[in-house]
Amino acid sequence: MSYHNTQYQSVDNYSNSFAHLEQQRKAQSRRSKMIVIGSIVGLAVLVAIGVGVGVSVAKNHKSNPKSAVASSSSSNSGNSSGVVQQSNPGDPSSFIKNPALKQSFYGLAYTPYGSQLPTCNNSLADVITDIQLLSQLTTRIRLYGADCNQSALVLEAIKQTKVDMKVFLGNYAADDGGVAYARQRDVIKDALQTYGTDHVLGITVGNEFILNYLGSNGGTQQDPNGSVGNAGAAILLPNITDTRTMLSGMGLNISVGNADAGSYFNTQIMEAIDYGMANVHPWFANQAVDAAAGWTAEFFATTNIAAAQALSNKPTMYIAETGWPTKSSSVEAESDGPSNASVSNLQIYLDTFVCQANQNNTGYFFFEYFDETWKDVQFGGVEGWWGLFNSDRTLKDITIPDCKSP
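Calculation notes
Residues numbered from 1 in each chain as written. Predicted model: local features only at pLDDT ≥ 70, side-chain atom pairs only at ≥ 80, totals over all residues. Heavy atoms only, no water. UniProt positions renumbered as here; feature names shortened; annotations may be inferred. Helix = DSSP H or I, 4+ residues; strand = E, 2+ residues; numbered from the N terminus. Polar contact = N/O pair within 3.5 Å; in protein donor to acceptor, adjacent residues only side chain to side chain. Contact = heavy atoms within 4.5 Å. Disulfide = S-S within 2.5 Å. Buried < 20%, exposed > 50% of the residue type's maximum accessible area, 1.4 Å probe, protein only. Core = buried A, V, L, I, M, F, W, Y, C linked by side-chain atoms within 4.5 Å. Phe/Tyr/Trp six-rings, centres within 6.5 Å; stacked < 30°, edge-to-face > 60°. Lys NZ or Arg CZ within 6 Å of the ring centre and 35° of its normal. Salt bridge = Lys/Arg side-chain N within 4 Å of Asp/Glu carboxyl O. Pairing = 2+ DSSP bridges. Axes fitted to C-alpha atoms, helices over the stretch in contact; angles between N-to-C directions. Parallel < 35°, antiparallel > 145°, perpendicular 65-115°, else oblique. Left-handed = near helix turned anticlockwise from the far one by under 90°. Nonpolar A, V, L, I, M, F, W, Y, C, P; charged D, E, K, R; others polar.

In the annotation of an unreviewed UniProt entry, the chain is listed under the name glucan endo-1,3-beta-D-glucosidase and assigned to Mycena pura. Per UniProt, the chain carries the Function (unreviewed entry) text "Glucanases play a role in cell expansion during growth, in cell-cell fusion during mating, and in spore release during sporulation. This enzyme may be involved in beta-glucan degradation. Active on laminarin and lichenan." The record in UniProt for the chain states the following under Sequence similarities (unreviewed entry): "Belongs to the glycosyl hydrolase 17 family."

Quick look at the structure:
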């Protein structure tokens, strides 16, 4: 459910706000397309490696982080040694907690560094460090896809760190005849067979699929429930059904959901899922930071919760992404109109959104864990600068709100 607070301005023109959001949101969806492009190019690499080998490596490769001080490097080097200290260097569960971190977030959006095809240069050591840090902020994370063995890496890291963490696994399905979907389905299945379901909250099939499909077939201003949107749904729905069939065949009862841009959920897809994850970004809707939290709450309640409650299956709705960028690599993209990308504005959004959402039992995944420099290289602007942490896994100059998450 959403929250309302009298300190926030009301949103007067929802249709215009929604249009602004999705027009700008399209830019962010480019990172998803990049994953798909990489997936196609790297298919041969993945097949050669083999699913079983990947899980085996994840299970047997133990990390041994050093106890040095974190470096001040600003790139995702993939070398996380020393970022988190351990009382026993050989035991990832013995990590020493950072008093600056508080378990205040309902959830966080997370993609392990290096989890894009064809390179797949992620590592268990890095993911263990990430889980050690993430577990001090939340008990829930969501993944976007399953390529590069990230499902197994995350579940193995949770196992080794012994933290209270659950994950929504992701299958980034694409409009490619089911190739990307089937590849990820198989590695998810293997991970579930290896690690079980104790730390799995659900499987999200598709991320911004309808938004991207509309954009490739007539523009984002089309109705997601129009003929083009329904054509996209006809492509994705068999993937959702197939995931349920896979789980049933394994004797597992796991929720199956879908993620998309806030106002681009197709009703046919909504009727087929247990939960929906909506990306709701006040930055891309040109909102002033002081009003951003209130706008996010009203958008989510009016567009997503209301639509879900009108359906017979009443899927549970979450905010899949919401946050504020701290930097822009170009002058022209440093402002959303009324407010700038800055650390101080991220702090305002944290202070006005997190605890209010917690008090009202809003399920959300703050975007995002750390800055991802590959996005900045590929897309520029604010794309690479949404993290609570810098890309070297050092906390930005922010204060984490002090309130317990639901």
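Chemist: Is there a simple way to think about the side chain of Thr204 in this case?
Modeler: By the element assignment, Thr204 lies in strand E4 (residues 200-207). Here Tyr275 takes part through its side chain, which lies 2.7 Å from a polar atom of the side chain of Thr204. Apart from residues lying up to four places away in sequence, Thr204 is in contact with Phe168, Leu169, Gly170, Asn171, Gly257, Asn258, Ala259, Tyr275 and Met277.

Chemist: Explanation requested: the state of the cysteines in the structure shown.
Modeler: Disulfides are covalent bonds that link the sulfur atoms of two cysteine residues. Summed over all chains, the structure comprises 2 disulfides. There is a disulfide in this structure between Cys120 and Cys148, and the S-S distance comes to 2.1 Å. Measuring handedness by torsion sign, the sulfur bridge of Cys120 and Cys148 sits at about -70 degrees and is left-handed. Placement of the pair is Cys120 in the loop between strand E1 (108-109) and helix H5 (124-134) and Cys148 in the loop between strand E2 (140-142) and helix H6 (150-161), with a sequence separation of 28 residues. On the basis of relative accessibility, which here comes to 5%, the residue Cys148 falls in the buried class.

Chemist: Can you walk me through the nonpolar core in this structure?
Modeler: It is characteristic of soluble globular proteins that their nonpolar side chains tend to be buried jointly. If you look at the biggest cluster of nonpolar residues, it comprises 104 residues, and the most contacted ones within it are Phe105, Ile131, Val154, Ile203, Phe353, Phe366 and Leu388. It is helix H11 (residues 289-309) that provides the largest number of residues to this core, a total of 8 residues.

Chemist: Teacher, can you tell me more about the packing of aromatic side chains here?
Modeler: The description of two aromatic rings rests on the distance between their centres and on the angle between their planes. In the structure shown here, the tally under the stated rule is 22 aromatic pairs. For the ring pair Trp295 and Phe299, a centre distance of 4.9 Å and an interplane angle of 40 degrees mean the geometry is tilted. You can see Trp295 and its partner Phe299 sitting in helix H11, 4 residues apart, about one turn around the helix. Of the residues examined, Trp295 reaches a relative accessible area of 0% and is grouped as buried. Plain terms: the ring middles of Trp324 and Tyr349 are 6.3 Å apart, the flat faces sit at 40 degrees to each other, and that makes the pair tilted. Placement of Trp324 in the loop between strand E7 (316-322) and helix H12 (343-359) and of Tyr349 in helix H12 is noted, with a sequence separation of 25 residues between them. The burial state of Trp324 is the same as that of Tyr349; both residues are buried. Directly above the ring of Trp385 sits Lys327, whose terminal nitrogen or CZ lies 4.2 Å from the centroid.

Chemist: What should I look at first to understand the pattern of salt bridges in this one?
Modeler: Side-chain pairs of opposite charge can arise whenever the charged atoms involved come near each other. For the structure on display, the rule yields 8 salt bridges. Across the pair Asp274 and Arg244 runs a salt bridge whose closest N-O atoms are separated by 3.1 Å. Taken together, the positions of Asp274 in the loop between helix H10 (267-270) and strand E6 (275-279) and Arg244 in helix H9 (residues 227-249) put the pair 30 residues apart, joining distant regions of the chain. For Lys396, the salt bridge identified is with Asp371, shortest N-O distance 2.8 Å. Highlighted residues: Lys396 in the segment after helix H13 (373-379) and Asp371 in the loop between strand E8 (364-366) and H13, separated in sequence by 25 residues. Relative accessible area serves as the criterion here: at 6%, Lys396 is assigned to the buried category.

Chemist: Please explain the environment of Ala180 as it appears in this structure.
Modeler: With respect to the helices and strands, the residue Ala180 is situated in helix H7 (residues 179-195). It is 9.7 Å that separates the C-alpha atoms of Ala180 and Gly145, two residues lying 35 residues apart in sequence. Those residues in contact with Ala180 that lie beyond four places of it in its chain are Asn171, Tyr172 and Ala174.

Chemist: Is there a simple way to think about the side chain of Thr138 in this case?
Modeler: When you line up the elements, Thr138 lands in the loop between H5 and E2. Apart from residues lying up to four places away in sequence, Thr138 is in contact with Gln103, Phe105, Tyr106, Gly107, Leu108, Asp164 and Met165.

Chemist: Is there a simple way to explain the pairing of E6 in this structure?
Modeler: Regular strands show a simple pattern: their side chains alternate between the two faces of the sheet. Among the 5 residues of E6, 5 are classified as buried, and the element is accordingly described as predominantly covered. Judged by which residues are buried, E6 turns out to be covered on both faces: Tyr275, Met277 and Asn279 on one side and Gly276 and Ala278 on the other are all buried. Pairing of strand E5 (residues 255-261) with E6 involves 5 bridges; the strand directions are parallel. Note on E6: the bridge partner recorded for Ala259 is Met277.

Chemist: Just checking my understanding: could you explain the packing of H5 against H6 for this structure?
Modeler: Angle between the axes and distance between the axes: these two values describe a pair of packed helices. Relative to each other, H5 and H6 sit at 60 degrees, their axes nearing to 9 Å. Taken together, H5 and H6 sit at an angle that is classed as oblique. The element H5 and its partner H6 pack so that their crossing is right-handed. Within the contact between the two elements, H5 uses Leu124, Val127, Ile128, Ile131 and Gln132 and H6 uses Leu153, Val154, Glu156, Ala157, Ile158, Gln160 and Thr161. Here the contact of H5 with H6 is built from residues that sort into 8 nonpolar, 3 polar and 1 charged.

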